[in-house]
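Structural description and commentary
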Amino acid sequence: MAIDSKKFSESVERVLHADFGCDYESAGARELYNAVSKAVMVQAFDAWNEGRNSQKKRCCYFSAEFLMGRSIYANLLNLDCLEAAKKALEKVGHSLNDFEEVEDAALGNGGLGRLAACYLESAATMGIPLDGYGIRYRYGLFRQTFVDGYQHEEGDDWLKWGDPWSVKCERDAVIVEFADQKVKAVPYDMPVFGYRNGVVNNLRLWSSEPVQEFDFNAFNEMKGDRTALENFNATKICDVLYPNDNTMVGKILRLRQQYFLVSASLQDILRKYKAQGKKLKDLDKSYCFQLNDTHPVIAIPELLRLLKKEGMEFEEAFGVCSKVFNFTNHTIMAEALEKWDALALSDLLPEVYEEIVACQHRLESEGLDTDKYYIIRDNVIHMANLAIYVAAKVNGVAEIHTNILKTDVFKNWYELYPKKFVNVTNGITPRRWLLLNNPETAALIDKYIGEAWHTDLKELRNLRPHIPEMLPDFKRIKGENKKKLAAYIAEHEGVNIPPEFCFDVQVKRLHEYKRQMLNALSILYFYFGIKDGTVKDFPPTAFIFGAKAAPGYYNAKAIIKFINEIARLVNEDGEVSKVMRVVFVQNYNVSYAEKIVCAADVSEQISMAGMEASGTGNMKFMLNGTVTLGTLDGANVEICEEAGRENNCIFGATVEEVAAIKQFYCPREFVEQDPALKRAVNTLIDGTFSDDAGMLQKLYDSLINGHDPDRYLVCFDFRSYVEAKEGLLHSYGTDEFYTKCLENLCAAGKFSADRSVTDYARHIWKIK
Ligand SMILES: *Cc1c(COP(=O)(O)O)cnc(C)c1O
């Protein structure tokens, strides 16, 4: 299977000649990156085309986000070209590391977008025909820097080094129409390689272009000419990814993006389908559509509209839709469940709106209680309700989350359609998240149990008997990974963390429900405790954070400032810095995550119970041999089931307890009764930290004063958290600790995205 390095080297050279007019001598890193990538593309073309032209039933994964990260290393790994590429580059005085400067394709915010990327890779590896459909944002998730501890955002020019992994398919362009605008949707296709199995699936990302060539003169003169303005606006649709994670912002441009994505995709799919001479009423025999959260749910009325344009009656079109669409819910937070103003939507998409109204009428005609069951109410369109009403299957993303959907958030709907609701616990691809990011540990595993685990992660169980003999090598490799991360952090963040310290890591989007605040307060608790002698023999620990805050999310940005101030206080303290360091890394993204998860000792997964639907960061850490310090939330629950609760460190209120506590909760009382907590919380207002913007005061208010203070029970869980954490940190470095790490690694099989996509294929897509 593996290509030999001489042949590989020759094909790279041909691309250098043809595309860049240079040779190995004169090529720079950028030319080499493009040439290596294109050489792979040339080699993979036949297999890719086979998938794209196949007539077997396929599932289309509709998602506003695909957080792909870097493609080059993962693609070389999957095609077994990593060694050949390495040798070819070394021969000419370059190295694969030169491509470390290639920008991530960050066309997503966080977990939901990364999940989509993992599923594409796993489906290709499992031979499941799954294609992605998304938007080719010109700028992905913003690049983050800190200035005086405050977050700053810059545009993310992810195409800076070119985009050799995509091919523009002008011939498949379609027109997407809004009430006020017509735009051309042009697809860019990206191959998705299965792991050494010859399968290539496809990710199709749509870009918007003017229908006609842009006419500058007409635009300048304006002439009351609509097409000039239309053309100007066309490109805007795909300009930038909305940087909100788990919050709904009712901006019309966002609705334009969503409709643009689904209309282009469905037109494209129907055109191809009809060209095969098949009947529209049988669409479900060839396709199904997975809606990744509510963002692409407008696909439902759009397909109704398109089928009716083809002459189908509403009822029959509805029947088709109820077979082809499936819906994944990712959150129970009210502020994230999409709702659109009915007037705004009907202004922008009148025909689509009519179909939504028709769905509402159909629902009413069933004689159900209209207080419980509605799509449109008080001129607001509830996208999740539309999805649940029409879709064949609705799934949550972890056991606990699906149970909350059934018993709480969508209780009414579950009573009406119990068979629609299924669980598919999220997963991660073990290729990127172990083989690629932690090759030494992967090789160690191979040594004991062979390579079957690469595509059958449950095989890791076979490692368990070898844990005692593996300990020394596992420790050594983790130590090396920690040294590398420490060097990287020193270079990029200017903070030194001693590699022998325990690495206690919380990396994920910044959100109040994820409770970075709880972690921050615990660090202050330890800090003051060390200073006044109440915390004795503190085990040397580096607290590592990484997180982006949505630019409009005030409290999230305030928490970043708070933690950066804590970091300065701790790191500049001559005494405490001997046993404690704090660093908040800038611009946390997929490539940073790859470096961090293989070097972590403790994985912080401390959301308020019931709030984190699944989490996938927790799985990455587990697979790399890390102990979870967490609440019984999301997939943490299943991690404990698989690895044993005794091998992790669980604290805090459970979902049931949270509901009870909320009845009487008063955070001010908790703070008054706990002097150590009070001291930590008061740093927000007592002048310990500089904060010209006054953000910390407001953070204090949201915790103690105001309406619904401390929504996420930070003060309530504080004591149980610091006790659990102190105990865990004290065990760091012992054989017992590393045994726990390895017990987790051995039990990570369930969390392979290979298992997740197989579950989807069997129970939802009904393919293979
Ligand atoms: C995996 C991943 C996430 C999701 O992390 P959670 O802890 O599950 O929220 C977010 N961002 C990046 C860059 C990731 O790789």
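See the structure printed just above.
Here goes a summary of the coordinates provided. Everything numeric in this text was worked out from a predicted model, so none of it was measured.

Criteria and cut-off values
- Residues numbered from 1 in each chain as written.
- Predicted model: local features only at pLDDT ≥ 70, side-chain atom pairs only at ≥ 80, totals over all residues.
- Heavy atoms only, no water.
- Helix = DSSP H or I, 4+ residues; strand = E, 2+ residues; numbered from the N terminus.
- Rg over C-alpha atoms; globule rule 2.2 N^0.38 Å.
- Buried < 20%, exposed > 50% of the residue type's maximum accessible area, 1.4 Å probe, protein only.
- Areas by Shrake-Rupley, 256 points an atom, 1.4 Å probe, with all protein chains shown as cover.
- Lys, Arg positive; Asp, Glu negative; His and termini not counted.
- Charge placed at Lys NZ, Arg CZ, Asp CG, Glu CD.
- Pairing = 2+ DSSP bridges.
- Right-handed = clockwise from strand over helix to strand, strands pointing away.
- 1 Å grid on protein atoms, 1.4 Å probe; cavity = no way out; pocket = protein on both sides within 12 Å on 5 of 7 lines; lining within 4 Å.
- Points joined across faces, edges and corners; volume = space filled by probe spheres on them.
- Nonpolar A, V, L, I, M, F, W, Y, C, P; charged D, E, K, R; others polar.
- Salt bridge = Lys/Arg side-chain N within 4 Å of Asp/Glu carboxyl O.
- Contact = heavy atoms within 4.5 Å.
- Axes fitted to C-alpha atoms, helices over the stretch in contact; angles between N-to-C directions.
- Near = heavy atom within 4 Å.
- Polar contact = N/O pair within 3.5 Å; in protein donor to acceptor, adjacent residues only side chain to side chain.
- Parallel < 35°, antiparallel > 145°, perpendicular 65-115°, else oblique.
- Phe/Tyr/Trp six-rings, centres within 6.5 Å; stacked < 30°, edge-to-face > 60°.
- Lys NZ or Arg CZ within 6 Å of the ring centre and 35° of its normal.

**Regarding the overall build of the protein**
- Check the secondary structure of the protein and you find 31 helices and 23 strands.
- Relative to the compact-globule value of 27 Å for 768 residues, the protein shows a C-alpha radius of gyration of 26 Å, a close match.
- Its C-alpha atoms give the protein principal-axis dimensions of roughly 80 × 70 × 60 Å.
- The buried share among the 768 residues of the protein stands at 62%.
- Of the roughly 28,500 Å² that the protein leaves accessible, carbon and sulfur atoms contribute 50%.
- With 91 positive and 110 negative side-chain charges, the protein shows a spacing of 4 Å between the two charge centroids.

**Looking at unusual backbone geometry**
- Here arginine 196, not a glycine, exhibits a phi torsion of approximately 50 degrees, which is positive.
- In this fold, arginine 196 is placed in the loop between β9 (181-193) and β10 (200-209).
- Positive phi values are uncommon outside glycine, yet asparagine 246 reaches one of about 60 degrees.
- Assignment of secondary structure puts asparagine 246 in the loop between α7 (226-234) and α8 (252-275).

**A word on the pairing of strand β18 (residues 502-507)**
- Of all six residues in β18, six are buried, a share of seventy percent or more.
- Burial along β18 is two-sided: Cys502, Asp504 and Gln506 facing one way and Phe503, Val505 and Val507 facing the other are all buried.
- Sheet analysis places β18 next to strand β19 (residues 541-546), joined by six bridges and oriented parallel. Residue pairing in the sheet places aspartate 504 in a bridge with phenylalanine 543 of β19.
- Handedness of the β18-helix α20 (residues 516-532)-β19 crossover: right-handed.
- Sheet topology places β18 next to strand β21 (residues 602-605); two bridges connect them, and they run parallel.

**Some thoughts on the layout of surface pockets**
- The computed volume of the largest pocket comes to approximately 1,100 Å³.
- Lining the largest pocket are 37 residues, and of these Asn97, Leu436, Asn437, Pro439 and Glu440 lie nearest its centre.
- Of all the elements in the fold, those that place two or more residues in the lining of the largest pocket are α3 (72-78), α4 (82-91), α17 (430-436), α18 (439-449), α19 (467-493) and α22 (590-597).
- Classifying every residue of the lining of the largest pocket gives 17 nonpolar, seven polar and 13 charged.

**Here's the deal with empty space enclosed by the protein**
- For the coordinates displayed, the defined rule picks out seven cavities of 30 Å³ or more.
- Approximately 220 Å³ is the volume attributed to the second largest cavity.
- In terms of lining, the second largest cavity is formed by 18 residues, of which the most central are Met68, Ala74, Asn75, Glu121 and Arg432.
- Of all the secondary-structure elements, those providing two or more residues to the lining of the second largest cavity are α3, α5 (111-126), β9 and α17.

**Section: the pattern of salt bridges**
- Here the structure, examined in full by the defined rule, presents 52 salt bridges.
- Taken together, the shared-partner salt bridges connect Lys168, Glu170, Lys184 and Glu209 into one network.

**Quick look at the sheet that holds β21**
- Read across the open sheet, the six strands follow the order β20-β19-β18-β21-β22-β23; overall the sheet is parallel. Looking at the sheet topology across the chains shown, the edges are occupied by β20 (580-585) and β23 (649-650).
- α19 rests against β18, β19 and β20 of the sheet, and its axis sits at about 65 degrees to β20.

**A few points about the site of the ligand**
- Taken together, 14 residues surround the ligand, and among them Lys508, Lys514, Thr616, Gly617 and Lys620 come closest.
- In this structure, an oxygen atom belonging to the ligand sits 2.8 Å away from a side-chain N or O atom of lysine 514.
- Here an oxygen atom of the ligand and a backbone polar atom of threonine 616 are 2.8 Å apart.
- About the coverage of the ligand: the protein hides 95% of its 390 Å² of free accessible area.
- Of all the elements in the fold, those that place two or more residues in the shell around the ligand are α22 and α23 (617-623).
- Looking at side-chain class alone, the shell around the ligand contains five nonpolar, six polar and three charged residues.

**Some details on the sheet that holds strand β15 (residues 380-382)**
- An order of β13-β15-β14 is seen for the three strands of this open sheet, with the pairing classed as antiparallel. At either margin of the open sheet sits one strand with a lone partner, and together these are β13 (339-341) and β14 (376-377).
- One ladder, built from two bridges, connects β14 with β15; its direction is antiparallel. Bridge pairing links isoleucine 376 to isoleucine 381 in β15.
- The strands that helix α14 (residues 383-390) touches are β13 and β15; relative to β15, the one it contacts most, it runs at about 45 degrees.

**Remarks on the side chain of histidine 382**
- Locating histidine 382 in the fold gives a position in strand β15.
- Looking at histidine 382, the relative accessible area reads 15%, which means it is buried.
- Setting aside anything within four residues of it in sequence, one finds histidine 382 in contact with Glu338, Lys339, Tyr374, Ile375 and Arg377.

**Overview of the packing of α5 against helix α31 (residues 753-765)**
- Axis separation between α5 and α31 bottoms out at 8 Å; the angle between their running directions is 75 degrees. Judged by the angle between their axes, α5 and α31 are roughly perpendicular. Contacts between α5 and α31 involve Cys118, Tyr119, Ser122, Ala123 and Met126 from the first element and Ala753, Asp754, Ser756, Val757, Thr758 and Tyr760 from the second.
- Residues belonging to the contact of α5 with α31 are distributed by class as follows: seven nonpolar, three polar and one charged.

**Points about the packing of aromatic side chains**
- Considering all chains together, one arrives at 33 aromatic pairs under this definition.
- Aromatic side chains tyrosine 665 and phenylalanine 670 sit 5.6 Å apart centroid to centroid with 55 degrees between the ring planes, which places their arrangement in the tilted category.
- Overall, the relative accessible area of 25% leaves phenylalanine 670 in the partly exposed class.
- Judged by centre distance (5.3 Å) and plane angle (20 degrees), the rings of tyrosine 760 and tryptophan 765 are stacked.
- The class of tryptophan 765 is buried, set by a relative accessible area of 0%.
- The structure contains a cluster of three or more aromatic residues connected by ring pairs, namely Phe62, Tyr133, Tyr273, Tyr287, Phe289 and Phe325.
- Lying over the aromatic face of tyrosine 374, arginine 377 brings its terminal NZ or CZ to 3.9 Å of the ring centre.

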